[in-house]
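Commentary on secondary and tertiary structure
This is what each chain is made of:
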Amino acid sequence: MTRTVLVTGVSGHIGARVATSLAADPEIDRVIGVDTAPPPSPAGEDGAVLGRTEFVRVALRGPDLVKVIRDADVDTVVHLSLVSGPGGGRAGGRPAMKEHNVVGTMQLLAACQRSATVRRVVVRSTTAVYGSSPHAPAVFTEDTMPVEVSRHGYARDATEMESYVRGFARRRPDVTTTTLRFASLMGPGVDSPLTRYFSQPVLPTVLGFDPRLQFVHEDDAVEVLCRTARADHAGVFNVAGDGILLLSQCARRTGRPVVPMPSPAFRLVSGIARGARLVDFSPEQLSLMSHGRAVDTTRLAAELGWRPKYSTAAAFDDFLRSLGGPGELPRAVVDWLGHLVTGR
């Protein structure tokens, strides 16, 4: 039985939703949400959005986490405190991102390893660990090795994090360890490089490429995280909505104009957008926009007896319904984008 759950990253949208959902379960005695700051609350009160979740302000890299786990007799840990971009709501850029993701995960797992009560650990990861490459297979399974291992960014962090999780699972075979590799999240409450990209008035694309994309709706992400927090499902699982969308299909759904441009120009525009804090595209996300990625979710359905409610297309359409109109770019910006494409 799940009695006391600790959820990391509750200042984030998904972390707050998972903690709130678990706290509403009458079979769970306590839910403890930890983060360096509470989630924003409409009422303006720290932690009010979390329901009966007990919020504790603590850093993963600090010594207080061991005490929290020990004193509360935590039996289930759901690790959602991951930063997917150098901004990520935290100062310090890429070094701070790596410190938080990799070292923070290592410290959390060390605290779990020393605990006499922890019996289940659920870790949020990403399908970005497979990479995006012209030499990649059409569909990745959980056992597929990446053709090209990322050397930077979130994908690199996730790869290192998963290696620590595997080490923890070997040292503590009595603990059920679950790793969920999520496709790109979509939904009205999701703020990510991809949702920001599709929210722009004009969509630059890489000339000659039409990548395959997969999405998972935020509701389904919360559901699978709660399911694996309540019951033992050991192993690694891909999580994505059924089907795929080509980038061109996504663009048509948005109703926004598309500007195809050569790869160097696309990277230049992405850099300018990143500098203007419009879209924070990392190198692995730029690769995704060229080569795409698709994963198989058969193992998830077989193990949990559950499939996401939203398909990839339905998740994207629900996100689009939350947007306003496409807006307009200044004429000078449109002309400049045209110059990049035509060279005139």
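The paragraphs below set out a description of the structure included in this document. The residue count restarts for each chain, going from 1 along the sequence in the order it is written. Where totals are concerned, whole chains, interfaces and linings use all residues; where local detail is concerned, this predicted model gives features only for residues with pLDDT of at least 70, and gives and counts side-chain atom pairs only at 80 or more. Water and hydrogen atoms play no part in the side-chain values, which are based on all heavy atoms of the structure.

The working definition used for a salt bridge is a side-chain nitrogen of Lys or Arg within 4 Å of a carboxyl oxygen of Asp or Glu. Summed over all chains, the structure comprises 21 salt bridges. Measuring nitrogen to oxygen at the nearest pair gives 2.8 Å for the salt bridge that ties Glu-160 to Lys-98. Placement of the pair is Glu-160 in helix H4 (residues 153-171) and Lys-98 in helix H3 (residues 93-114), with a sequence separation of 62 residues. Partly exposed residues are those whose accessible area sits between 20% and 50% of the maximum for their type, while under 20% is buried and over 50% is exposed, using a 1.4 Å probe and protein chains only. What makes Glu-160 buried here is its relative accessible area of 18%. Between Asp-174 and Arg-119 there is a salt bridge, and its shortest N-O distance comes to 3.6 Å. Numbering goes from the N terminus for both helices and strands, where a helix is a DSSP run of H or I of at least four residues and a strand is a run of E of at least two.

On to the packing of helix H2 (residues 64-72) against H3, then. To get an axis, fit a line to the C-alpha atoms, keeping to the stretch in contact for a helix; angles then go from 0 to 180 degrees between the N-to-C directions. Interaxial distance between H2 and H3 falls to 9 Å at its minimum, and their mutual angle equals 35°. Once H2 is placed against H3, the crossing between them reads as right-handed. The segment H2 lies against H3, with Leu-65, Val-66 and Ile-69 engaging Leu-108, Ala-111, Cys-112 and Arg-114. A breakdown of the residues in the contact of H2 with H3 according to their chemical character gives 6 nonpolar, no polar and 1 charged. Handedness of a helix crossing follows the sense of rotation of the near helix relative to the far helix, less than a right angle counterclockwise being left-handed and clockwise being right-handed. We call two residues in contact whenever any of their non-hydrogen atoms come within 4.5 Å of each other. Gly is put with the polar residues, along with every residue not named as nonpolar or charged; the nonpolar set is Ala, Val, Leu, Ile, Met, Phe, Trp, Tyr, Cys and Pro, and the charged set is Asp, Glu, Lys and Arg.

A separate point is the nonpolar core. Throughout, nonpolar core names a set of buried Ala, Val, Leu, Ile, Met, Phe, Trp, Tyr and Cys residues whose side chains join them through atoms within 4.5 Å. Ranked by internal contacts, the top residues of the largest apolar core, which has 31 residues, are Val-7, Leu-22, Phe-182 and Leu-225. Setting aside chain neighbours within four positions, we find Leu-225 in contact with Ile-14, Val-18, Val-78, Leu-80, Val-122, Leu-180 and Phe-182. Counting residues in each nonpolar core, the second largest holds 26 residues, with Val-206, Cys-250, Ala-251 and Met-289 among its members.

Attention now goes to the side chain of Arg-172. You can see Arg-172 is positioned in the loop between H4 and strand S6 (176-182). Given a relative accessible area of 11%, Arg-172 falls into the buried group. In this structure the side chain of Arg-172 is engaged in a polar contact, spanning 2.9 Å, whose partner is the side chain of Asp-174. Among all residues touching Arg-172, those that are not within four sequence positions of it are Cys-112, Gln-113, Ser-115, Val-118 and Arg-119. Residues adjacent in sequence count toward polar contacts only when both atoms are side-chain atoms; beyond that, a polar contact is any pair of N or O atoms within 3.5 Å, and within protein one must be able to donate a hydrogen and the other to accept it.

Turning our eyes to something else, we now look at the packing of H3 against H4. Interhelical geometry of H3 versus H4 gives an angle of 10° and a closest axis separation of 10 Å. Here H3 lies roughly parallel to H4, going by the angle between them. For the pair H3 and H4, the contacting residues are Arg-94, Met-97, Lys-98, Asn-101, Val-102, Thr-105, Met-106, Leu-109, Cys-112 and Gln-113 in the first and Gly-153, Tyr-154, Asp-157, Glu-160, Met-161, Tyr-164, Val-165, Phe-168 and Arg-171 in the second. Looking at side-chain class alone, the contact of H3 with H4 contains 10 nonpolar, 4 polar and 5 charged residues. Throughout this description, any angle smaller than 35 degrees is read as roughly parallel, any larger than 145 degrees as roughly antiparallel, any in the 65 to 115 degree range as roughly perpendicular, and the remainder as oblique.

Remember, this is a structural readout, not a statement about activity or role.
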